[in-house]
Amino acid sequence: MNTRSEVSILRLYMLRAMYAFMAIGLAIYKLPAIFNPPANLSTMGSVVLSVLAGLALLAGVGIHRPLKMLPLLFFEFLWKAVWVLAFALPQWSAGQLAPDAQEVLINNLVGIVLVPLVMPWGYVFNHYLKAPGDPWRK
């Protein structure tokens, strides 16, 4: 089936807006620390910044190729959902969610809401669930 008929131009622009939101947000809030790292940056902190820089760059590719980069949105949704369900909600329900984690929770909830709204679910079903998988051998 032709991709143009499967996914509307409006949906493609919504996807592009989501990728731009990711790329610009990460560029503003996270990438400056790569070029000017804080003195107390831990090894794990540097790893997280590096992963987020990679996400920002790939989100830039998603602006140009929104359907090809859908796995990036799957990843974005899943890591945020895992963090919220496994770490933030248990701490929040116990009244132990730190103030800095509250901000992260809000940011992650935004992603958890927006990604499913822009996702072209018919395309995802046809190309990721219904289509035959790649062969394991010749």
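That block above? That's the structure.
What counts and what doesn't
Here the residue numbers are simple positions, counted from 1 along each chain's written sequence. Selection of residues for local features in this predicted model requires a pLDDT of at least 70, selection of side-chain atom pairs for listing and counting requires 80 or more, and totals for whole chains, interfaces and linings are taken over all residues. Remark: hydrogens and water are excluded; side-chain values derive from all non-hydrogen atoms of the structure. Numbering goes from the N terminus for both helices and strands, where a helix is a DSSP run of H or I of at least four residues and a strand is a run of E of at least two. Each residue's exposure class comes from its accessible area (1.4 Å probe, protein chains only) as a fraction of the maximum for that residue type: buried when under 20%, exposed when over 50%, partly exposed otherwise. Whether two residues are in contact is decided by their heavy atoms, any of which lying within 4.5 Å being enough. A 1.4 Å probe and the Shrake-Rupley method give the accessible areas. Residues count as covered only by the protein chains that appear here. Charge assignment in this entry is limited to Lys and Arg as positive and Asp and Glu as negative, and neither His nor the chain termini are counted. A charge is said to be at NZ when it belongs to Lys, at CZ for Arg, at CG for Asp and at CD for Glu. Centre distance within 6.5 Å is the pairing criterion for rings of Phe, Tyr and Trp, where only the six-membered ring of Trp is used; planes under 30 degrees apart are then read as stacked, over 60 as edge-to-face, and the remainder as tilted. Charge-over-ring placement is defined geometrically: NZ (Lys) or CZ (Arg) within 6 Å of the ring centre, and within 35 degrees of the ring normal. A 1.4 Å probe that fits into a set of points on a 1 Å grid over the protein atoms alone but cannot get out defines a cavity; an open set with protein on both sides within 12 Å along at least five of seven lines defines a pocket, and lining residues are those with an atom within 4 Å of a point. Grid points are joined across faces, edges and corners, and a volume is the space filled by probe spheres set on the points. Here the term charged refers only to Asp, Glu, Lys and Arg, the term nonpolar to Ala, Val, Leu, Ile, Met, Phe, Trp, Tyr, Cys and Pro, and the term polar to all other amino acids, Gly among them. The definition of a nonpolar core used throughout is a set of buried Ala, Val, Leu, Ile, Met, Phe, Trp, Tyr and Cys residues joined through side-chain atoms within 4.5 Å. A patch consists of residues whose relative accessible area exceeds 30% and which take part in no salt bridge; residues with like charges are grouped when within 9 Å of each other, and nonpolar side chains (Val, Leu, Ile, Met, Phe, Trp, Tyr) when within 5 Å. In the sections that follow, a salt bridge refers to a side-chain nitrogen of Lys or Arg positioned within 4 Å of a carboxyl oxygen of Asp or Glu. Note on geometry: axes are lines fitted to C-alpha atoms, helical ones only across the stretch in contact, with angles between N-to-C directions running from 0 to 180 degrees. Relative orientations are named as follows: roughly parallel for angles under 35 degrees, roughly antiparallel for angles over 145 degrees, roughly perpendicular for angles from 65 to 115 degrees, and oblique for any other angle. Helix crossings are classified by the rotation of the near helix relative to the far one: an anticlockwise turn of less than a right angle makes the crossing left-handed, while a clockwise turn makes it right-handed.

Asks: What is the right way to look at the overall build of the protein chain in this model?
Replies: Counting secondary structure elements, the protein chain contains 7 helices and 0 strands. The secondary structure elements of the protein chain, listed N-terminal to C-terminal, are α-α-α-α-α-α-α. Overall size of the protein chain, expressed as C-alpha extent along the three principal axes, is 50 × 40 × 35 Å. Burial analysis of the protein chain (138 residues in total) assigns 30% to the buried set. Pairs at least 24 apart in sequence give 77% of the contacts found in the protein chain among residues at least 6 apart. Carbon and sulfur atoms make up 68% of the accessible area of the protein chain, which totals about 9,600 Å². Looking at charge distribution, the protein chain has the averaged site of its 10 positive side-chain charges lying 14 Å from that of its 5 negative ones.

Asks: Would you mind showing me how to read the packing of aromatic side chains here?
Replies: Two measures describe an aromatic ring pair: the distance that separates the ring centres and the angle between the ring planes. The final tally for this structure, using the stated rule, is 1 aromatic pair. Here the basic side chain of Arg16 rests over the ring of Tyr13, its NZ or CZ set 5.5 Å away from the ring centre.

Asks: Explanation requested: the layout of surface pockets in the structure shown.
Replies: Vacant regions in the atomic arrangement are exposed by a probe of water-molecule size rolled over the atoms. Counted as a void, the largest pocket has a volume near 1,000 Å³. If you go around the largest pocket, you meet 28 residues; those closest to its centre are Leu26, Lys30, Trp79, Asn107 and Asn108. When its residues are assigned to classes, the lining of the largest pocket shows 18 nonpolar, 5 polar and 5 charged.

Asks: I tried to follow the environment of Glu103 on my own but got confused; where do I start?
Replies: Inspection of the secondary structure assignment puts Glu103 in helix 6 (residues 99-118). Overall, Glu103 belongs to the exposed group, its relative accessible area being 54%. When the C-alpha atoms of Glu103 and Arg16 are compared, they prove to be 25 Å apart, with 87 residues separating the residues in sequence.

Asks: Teacher, can you tell me more about the nonpolar core here?
Replies: Most often, soluble globular proteins have nonpolar side chains that are buried together. By size, the foremost hydrophobic cluster in this structure holds 24 residues, and its most contacted members are Leu15, Tyr19, Leu67, Leu70, Leu72 and Leu73. Elements represented by at least two residues in this core include exactly helix 2 (9-29), helix 4 (43-64), helix 5 (70-93), helix 6 and helix 7 (121-130). Among the elements that make up this core, the one with the highest residue count is helix 2 (7 residues). Counting residues in each nonpolar core, the second largest holds 5 residues, with Val84, Ala88, Leu97 and Leu105 among its members.

Asks: So what exactly am I meant to see when it comes to a nonpolar patch on the surface here?
Replies: A cluster of nonpolar side chains, Phe21, Ile106 and Val110, forms an exposed patch at the surface whose accessible area comes to about 280 Å². With respect to the helices and strands, Phe21 occurs in helix 2. For Phe21, a relative accessible area of 49% corresponds to the partly exposed category.

Asks: Could you clarify how one ought to interpret the packing of helix 2 against helix 4 in this entry?
Replies: Any two packed helices are characterised by how steeply their axes cross, that is the angle between the axes, and by the distance between the axes. The N-to-C vectors of helix 2 and helix 4 enclose an angle of 150°; their axes lie 8 Å apart at closest approach. As the angle between them shows, helix 2 and helix 4 are arranged roughly antiparallel. The two elements helix 2 and helix 4 cross, and the hand of that crossing is left-handed. Two secondary-structure elements touch here, helix 2 through Arg16, Tyr19, Ala20, Met22, Ala23 and Leu26 and helix 4 through Leu52, Leu55, Ala56, Ala59, Gly60, Gly62, Ile63 and His64. Residues that form the contact of helix 2 with helix 4 fall into these classes: 10 nonpolar, 3 polar and 1 charged.

Asks: Help me understand the pattern of salt bridges, please; the structure alone is not making it clear to me.
Replies: A side chain of one charge can pair with a side chain of the opposite charge if their charged atoms are brought near each other. For the structure shown, the criterion picks out 1 salt bridge. Glu76 serves as the salt-bridge partner of Lys80, at 3.0 Å between the closest nitrogen and oxygen. Placement of the pair is Lys80 and Glu76 together in helix 5, with a separation of 4 residues, close to one helical turn. Since its relative accessible area comes to 8%, Glu76 is described here as buried.

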